[in-house]
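Topology and contacts: notes
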Amino acid sequence: MSTHARPRVFSGIQPTGGIHIGNYLGAIKGWVARQDEKENYFCIVDLHALTVPQDPAALREQVWMMTALLLAAGLDPARCTLFVQSHVRAHAEACWLLNCITPLGWLQRMTQYKDKSARHETVLTGLLDYPVLMAGDILLYDTDEVPVGEDQKQHVELARDIAGRFNHHHGDFFTLPRAVIPEIGARIMGLDDPTAKMSKSLAHVEGHAIRLLDPPKAIERALKRAVTDSGREIRFSDAPEKAGVNNLLAIYKAITGRSAAEVEDDFATARGYGDLKQRVADVVVAELAPLQARYAQYRADPAELERCLARGAAQAAAVAEPKLAALKARMGLVVPVGG
Ligand code: AMP
Ligand code: TRP
């Protein structure tokens, strides 16, 4: 069980393009806000990205882009460990070991696997195995909390089940992790279709998403086009026809950190949805402008990004490698002299 002074937090993000305001509000902003409370590990999961076909040059570029974006968003390498998954070998090795205790049926019933495999003609083994790699990420760090959007909850629960199964067979060894879902921003919906989640794979579609590096004009344009309803009422609501307005209010609320009542109050005097959209655009632009400026600075200094990742990998390995060695020993592997 967990014995560290501060709760351990681990989360991962794929280095794929199209990072949008849903990723930011559902995941990254929360990571940044809680850096001091917990002991944090944030991982750019390039091995997970390989579970669907990638162009090698594009993937490499995305890793640099993601590193710069996370730093620009406020992750501070002095207060957290930021690293790239493939730089710490223990992750791939842990995946193999955990594969050998994970029933196939557990993987076949994962919702994300079912969705993604339906969309690809050839389904790669890695896609099915994705949650086991993720379980390794989490369990190697004796993680207590895994902050993720709602869509990843099932995978975190699987990691917990794998840990429980291991502990049952081999004695108490893994900390049981739990998913921490942000209350607001957990599910930002598409601007063009507020009944479906804003998605990276649709981020290039005009009017679907706000991407973190979009210029102010593009942000305003996307919000102006956002689907709403034919009414005028600006308040939070579960009614299906109010999904668009609800989503805009959710974005505003997550950015400003105001309560639902305060947000509704802010819009009490608004003149219709045009006004709402403009004011949401204003807060989004104001939130992203400093991030975009810092992003440009980091991209202009690749040596700094490299140093930062090297330090992160060394810090992560210092935790993951001893755990992996202990895992191997528990499973009956002979640990060679020197580790
Ligand atoms: P992914 O885009 O799957 O790599 O997700 C990166 C992180 O952003 C994960 O924690 C997701 O749960 C979260 N996320 C992805 N899409 C959304 C969304 N539309 N709203 C809120 N969080 C999201
Ligand atoms: N599967 C997660 C996603 O797509 C990314 C991820 C990989 C992750 N390993 C993780 C998240 C470990 C939390 C913990 O969003």
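Parameters at a glance
Residues numbered from 1 in each chain as written. Chains lettered and ligands numbered in written order. Predicted model: local features only at pLDDT ≥ 70, side-chain atom pairs only at ≥ 80, totals over all residues. Heavy atoms only, no water. Helix = DSSP H or I, 4+ residues; strand = E, 2+ residues; numbered from the N terminus. Rg over C-alpha atoms; globule rule 2.2 N^0.38 Å. Buried < 20%, exposed > 50% of the residue type's maximum accessible area, 1.4 Å probe, protein only. Contact = heavy atoms within 4.5 Å. Lys, Arg positive; Asp, Glu negative; His and termini not counted. Charge placed at Lys NZ, Arg CZ, Asp CG, Glu CD. Domains from an automatic or database assignment. Buried area = accessible area lost by both parts, 1.4 Å probe. Near = heavy atom within 4 Å. Polar contact = N/O pair within 3.5 Å; in protein donor to acceptor, adjacent residues only side chain to side chain. Areas by Shrake-Rupley, 256 points an atom, 1.4 Å probe, with all protein chains shown as cover. 1 Å grid on protein atoms, 1.4 Å probe; cavity = no way out; pocket = protein on both sides within 12 Å on 5 of 7 lines; lining within 4 Å. Sits in = over half its atoms within 2 Å of the grid points. Points joined across faces, edges and corners; volume = space filled by probe spheres on them. Nonpolar A, V, L, I, M, F, W, Y, C, P; charged D, E, K, R; others polar. Pairing = 2+ DSSP bridges. Right-handed = clockwise from strand over helix to strand, strands pointing away. Arc of directions from axis to C-beta. Salt bridge = Lys/Arg side-chain N within 4 Å of Asp/Glu carboxyl O.

**Considerations on the overall build of the protein chain**
Counting its regular elements, the protein chain contains 13 helices and five strands. A compact globule built from 339 residues should have a C-alpha radius of gyration of about 20 Å, and the protein chain, at 21 Å, falls within 12% of that. A principal-axis box enclosing the C-alpha atoms of the protein chain has dimensions of 70 × 45 × 45 Å. Here the protein chain holds 339 residues, and the buried ones make up 50% of them. Taking the contacts inside the protein chain whose residues are at least 6 apart along the sequence as the reference set, 77% of them involve residues at least 24 apart. Of the side-chain charges in the protein chain, 39 are positive and 41 negative, and the distance between the mean point of each set is 0 Å.

**Focus on the domain arrangement of the protein chain**
The domains assigned to the protein chain are domain 1 (8-181 + 301-330) and domain 2 (200-297). Distance between the C-alpha centres of domain 1 and domain 2: 29 Å. Buried surface at the junction of domain 1 and domain 2, both sides included, amounts to about 1600 Å², of which 67% is carbon and sulfur. Considering only the side of domain 1, the residues that lose the most area to domain 2 are Ile-21, Tyr-24 and Ala-72, jointly responsible for 33% of the buried surface there.

**Things to note about the site of ligand 2**
The full set close to ligand 2 counts 13 residues, and Gly-12, Tyr-130, Met-134, Asp-137 and Gln-152 are the nearest of them. Taking Gln-14, its side chain carries an N or O atom lying 3.4 Å from an oxygen atom of ligand 2. In this structure, a nitrogen atom belonging to ligand 2 sits 2.7 Å away from a side-chain N or O atom of Asp-137. Within the complex, the protein chains bury 91% of what would otherwise be the 370 Å² of accessible surface of ligand 2. Judged by the fraction of its atoms near the pocket grid, ligand 2 is located in the largest pocket. When residues of the shell around ligand 2 are traced back to their parent elements, those giving at least two are β1 (8-13) and α7 (125-139).

**Some points on the layout of surface pockets**
Taken as a whole, the largest pocket holds about 1400 Å³ of empty space. Around the largest pocket, the lining is made up of 50 residues, and of these Gln-14, Gln-112, Asp-151, Gln-152 and Lys-197 lie nearest the centre. A breakdown of the residues in the lining of the largest pocket according to their chemical character gives 18 nonpolar, 23 polar and nine charged. Looking at which domains feed residues into the lining of the largest pocket, each of domain 1 (8-181 + 301-330) and domain 2 (200-297) supplies at least three.

**A look at unusual backbone geometry**
Leaving glycine out, the prevailing phi sign among residues is negative, and the prevailing peptide bond configuration is trans. Backbone geometry places Asp-142, a non-glycine residue, at a positive phi of 50°. For Asp-142, the position within the fold is in the loop between α7 and β4 (145-147).

**Overview of the pairing of β1**
Most of β1 sits out of view: five of its six residues are buried. Strand direction decides the pairing type here: β1 and strand β2 (residues 39-44), joined by six bridges, are parallel. Looking at β2, one finds that Gly-12 is bridged to Cys-43. In this view, the connection linking β1 to its parallel neighbour β2 by way of helix α1 (residues 21-33) has right-handed handedness.

**Some remarks on helix α6 (residues 111-119)**
Where α6 is concerned, the buried positions are Gln-112, Tyr-113, Lys-116 and Ser-117. In a view along the axis of α6, the buried residues occupy a sector of 120°, so they form one face of it. Opposite its buried face, α6 presents the exposed residues Ala-118 and Arg-119, each directed more than 90 degrees away.

**Concerning the pattern of salt bridges**
This model, assessed by the stated rule, comprises 19 salt bridges. Measuring nitrogen to oxygen at the nearest pair gives 2.9 Å for the salt bridge that ties Lys-29 to Glu-287. Pair noted here: Lys-29 is in helix α1 and Glu-287 is in helix α12 (residues 272-299), with a separation of 258 residues, a long-range link. One salt bridge connects Arg-178 with Glu-145, and the closest N-O pair in it is separated by 3.6 Å.

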